[in-house]
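Understanding the architecture of this molecule
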Amino acid sequence: MSEGQKFDTVSSYIWSDEDNDEILETIDNDEPKEEAPTDRPSWANKIEYLLAQVGFSVGLSTIWRFPYLCFHNGGGSFLIIYMLMLFLVGVPLLFLEMAAGQRMRQGSIGVWKVISPWIGGVGYTSFMVCCIVGLYYSVLMAWSLFYLGQSFQSPLPWSKCPLLRNSSDFDPECERTTPTTYFWYRNILKATDQVEVGGLPVMHLSVSLFMTWLIICISMIKGPKSTGKMLYVSVLLPYFILFCLLIRSLMLEGAHFGLKNLLAAKVRSLYSVEVWRRTGNQLFLSMGPGFGSFTAISSYRPRSNNCVMDAFVVAFLNLTASLTATVFVFAIMGHLATENNEKCYLRNAETVLYLIAAGVLPAEARPPDSMYHDPSSIYSGWLKSLPKQIKDTVLPYMTNCNIAHELMEVMEGPGVAIVAFTNITSEFSGSTFWAIIIFLLLASLGLSTMMGIMQGIVTPLQDTFSSLRKYTNLLTVGVCVPMFLGSLIFVTPSGSYYVNLLDDYWVSLPIFFIVILENIAMAWIYGARRFLADLIIMLGRPISPIYRWLWCFLSPFVLLVLFVSTLLHLFLKTITYLAWDSSISNEVIRIYPSWAKVLLIVLITITILPIPAYFLYTLIGVDFRVSMIHSGATVIFKPEAKENSLKSYPRLQYLVDGDC
């Protein structure tokens, strides 16, 4: 091996189309396999490791956002696009992050410095994204915890409107809307009418947020040992609950109507760039590549672990949870739409009876008494049986009842999960029990995802400052306390609008930027062939060459399209939010003020700034005396270390015919 190759800590062979077996044997002989550091903790077993990966991947957005996007983006067409992107783009990128963490035995910061110091800042950007997302994601879990605490009451506090103080009358603001919507905005959020109106943190949400961070801190206080035990509950319990809810929802009247809408694919959605953009956003926000959490979690596994199969297992379970939650939500929405449509029929029947009693309509227009027992089947038959002259007289007094319109109405609103689930718990017999089950599900999903996000923060800190590994308890507390204090801004009366701002408009761009650079660094700088060779040796089994083509061509193309379309969407379209208008007791769409877009630009700039900053840092530390060595179709650029520099940097390699 030449002198120039010795400082590259990972095998630095450049692949050609020669016999792979001979090259693998050469690499195996030249590169000693590194053993895992003895002081690095590890997962107790493979099950705990997989639970950690699945728990991070299957989060609140699986239930919170997936069914809503599915309904508004073509139903079955959305599912087709999602599954295509999941297995052609999501799985390869998931495998890439898992394999990188497992191969280097480091968190996101250390991994990308080893692979290529020129993009070493990617790890710092992932770290910052985890910090900011952790601030507002913990609030989603706090909402679920508060609802869970309120569920231990009978009747449920959101089942009816509250009375005015010292009066027997209901609150008029609540009577103009539904009790569940009123409870969400006025009791839970204490929401203001506009994002500009501030205020101090809401006390009950602050307490719930404190409990959230206390649970997270206790779960992670001992590192993987304590986290692994908690994951048995926080990951397995939601799957069991989801299965029970699915069975219960399929037994509801009208569930088939919701499922029919789910399976109805709208062909035009397959050709919509906007639908593909939203699907891509959901895929990456749901799966979680780019956060560095997969890399961190995988770094605690032996190098021989089969991360190829792990990537498929995590993706499959993520898809299973998403589809189960979607079937459950659509069945519930179909039931609610059917109920609301039947109420519309009965209101029309009562209107006709009143007008007959008033002498406005003839007695022949009287609806049959059996309508009150089965309005869905009798109403249409009754209207059709009316003589044309009487029907023309009756129709102007009646409301048009349309079950498709009712389904659209129930699918609107602030997070289908929260308001829709509180709606349906009131419909179930034993509503208190089902409310506890549902919000226990949401709280468990939030906890497992938050533990994954925290791994993306704690692990890089311990790898960067190795002395912190001896003080895992203090480090965990030292991270959780400032995170709790920072997240208090999101439990102010206007805090939910800031959550929507970051979740809808900010997080996608840095995530796409991170994953694009990770993909390019691995496929084109380090080399996809070279990386696959490392993995074949590391795992001791062959790996399909299809990953090389996916990493080199398909994934970068899809990611660039998603990044550009998201960027255009942010800067060319008006950014809006769903706000509560107390004067009319209804939700209205408002435009974020101009400073909100400035805030987004500042946050995006701050999060991606470590990437160019670390590139300049590396550039300053190296005399860029580039020697170009022409060997066949290969050109190698070798930045040489300064004479007095104690640190050598791996070579930046490019291949004219593609290192892919």
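Residues numbered from 1 in each chain as written. Predicted model: local features only at pLDDT ≥ 70, side-chain atom pairs only at ≥ 80, totals over all residues. Heavy atoms only, no water.

Here we take up the overall build of the chain. Counting its regular elements, the chain contains 28 helices and 7 strands. The 660 residues of the chain split such that 57% are buried. Contacts in the chain between residues far apart in sequence, at least 24 positions, make up 79% of those at least 6 positions apart. Surface summary for the chain: the accessible area is close to 27900 Å², and the carbon and sulfur share equals 63%. (Helix = DSSP H or I, 4+ residues; strand = E, 2+ residues; numbered from the N terminus. Buried < 20%, exposed > 50% of the residue type's maximum accessible area, 1.4 Å probe, protein only. Contact = heavy atoms within 4.5 Å. Areas by Shrake-Rupley, 256 points an atom, 1.4 Å probe, with all protein chains shown as cover.)

Tracing the backbone through its elements, the reader meets E173 in helix α9 (residues 172-175). For E173, the residues in contact, after removing those within four places along its chain, are Y182, R186, W580, S582 and S585.

Positionally, S555 belongs in helix α26 (residues 546-572). When residues no more than four places from it in sequence are discounted, the contact partners of S555 are L88, V89, L93, N519 and L550.

As enumerated under the stated definition, the model contains 9 salt bridges in all. A salt bridge links E173 to R186; the shortest N-O distance between them is 3.1 Å. Of this pair, E173 sits in helix α9 while R186 sits in helix α10 (residues 179-188), and the two are 13 residues apart along the sequence. Judged by relative accessible area, E173 falls into the buried class, the value being 12%. According to the relative accessible area criterion, R186 is partly exposed, its value standing at 25%. A salt bridge links E274 to R278, with the nearest nitrogen and oxygen atoms 3.2 Å apart. One end of the pair, E274, and the other, R278, are both in helix α15 (residues 273-287), 4 residues apart, so they sit about a helical turn from each other. Note on E274: relative accessible area 21%, which makes it partly exposed. Through salt bridges with shared partners, a single ionic network connects E274, R277 and R278. (Salt bridge = Lys/Arg side-chain N within 4 Å of Asp/Glu carboxyl O.)

Of all hydrophobic cores here, the largest spans 181 residues; its most connected members are F95, F284 and W506. It is helix α8 (residues 121-150) that contributes the most residues to this core, 19 residues altogether. The contact partners of F95, leaving out residues within four places of it in the chain, are C307, V308, A311, L535, I543, Y547 and W551. Residues Y345, A349, W382 and L386 belong to the second largest nonpolar core, which totals 17 residues. (Core = buried A, V, L, I, M, F, W, Y, C linked by side-chain atoms within 4.5 Å.)

This brings us to the pairing of strand β2 (residues 586-591). Of the strand pairs in this sheet, strand β1 (residues 576-581) and β2 are connected by 6 bridges, and their pairing is antiparallel. Its bridge partner being in β2, W580 is matched across the sheet by E587. As consecutive antiparallel partners, β1 and β2 are separated by 4 residues, and within that stretch S585 has a phi angle of approximately 55°, a positive value. (Pairing = 2+ DSSP bridges.)

Glancing now at the confidence of the model for the chain. Of the residues in the chain, 87% reach a pLDDT of 70 or more, and the chain-wide mean stands at 84. In this model, residues 624-658 is a region of pLDDT below 50 whose contacts with residues beyond four sequence positions or in other chains number 71 contacts. (pLDDT = per-residue confidence, 0-100.)

With that out of the way, let us pick up the environment of V129. Relative to the helices and strands, V129 is located in helix α8. Setting aside residues no more than four positions away along its own chain, V129 makes contact with F291, W506, P510, I511 and I514.

Attention shifts here to the packing of aromatic side chains. For the structure shown, the criterion picks out 37 aromatic pairs. Measuring from ring centre to ring centre gives 6.1 Å for F71 and F330, while their planes differ by 50°; the resulting arrangement is tilted. Residue F71 is located in helix α5 (residues 66-72), and its partner F330 is located in helix α17 (residues 307-357); the two are separated by 259 residues in the primary sequence. Each member of the pair, F71 as well as F330, is classed as buried. Between Y526 and F531 the ring centres are 6.2 Å apart and the planes differ by 80°, which places this aromatic pair in the edge-to-face class. For the pair Y526 and F531, one class covers both residues: buried. One aromatic cluster is present, formed by W143, Y147, W158, F183, W184, Y185, F439 and W580 through successive ring pairs. (Phe/Tyr/Trp six-rings, centres within 6.5 Å; stacked < 30°, edge-to-face > 60°.)

Here we come to α17. The α-helix winds at 3.6 residues per turn, so residues separated by three or four positions along the chain end up facing the same way. Here α17 spans 74 Å end to end across 51 residues, near enough to the 75 Å set by a 1.5 Å rise per residue. At the N-terminal end of α17, a side-chain oxygen is found 3.3 Å from the backbone nitrogen of V308, two or three residues along, and the residue is N306. Once α17 finishes, G359 follows within two positions and takes phi at roughly 85°, a positive value. (Expected span 1.5 Å × (residues − 1). Polar contact = N/O pair within 3.5 Å; in protein donor to acceptor, adjacent residues only side chain to side chain.)

We now examine the state of the cysteines. A complete count under the given rule lists 2 disulfides for this structure. With its sulfur 2.0 Å from that of its partner, C161 forms a disulfide with C174. Taking the sign of the S-S torsion, about -80° here, the bridge from C161 to C174 comes out left-handed. With C161 in the loop between α8 and α9 and C174 in helix α9, the pair connects residues that are 13 residues apart, well separated along the chain. In terms of burial, C161 and C174 fall into one category: buried. There is a disulfide in this structure between C344 and C401, and the S-S distance comes to 1.9 Å. Taking the sign of the S-S torsion, -85° for the link of C344 and C401, the bridge is left-handed. Within this pair, whereas C344 is found in helix α17, its partner C401 is found in the loop between α19 (388-394) and α20 (403-411), the two being separated by 57 residues in sequence. The residues C344 and C401 share a single accessibility class, namely buried. C131 forms no disulfide, and the closest cysteine sulfur to it belongs to C130, at a distance of 7.0 Å. (Disulfide = S-S within 2.5 Å.)

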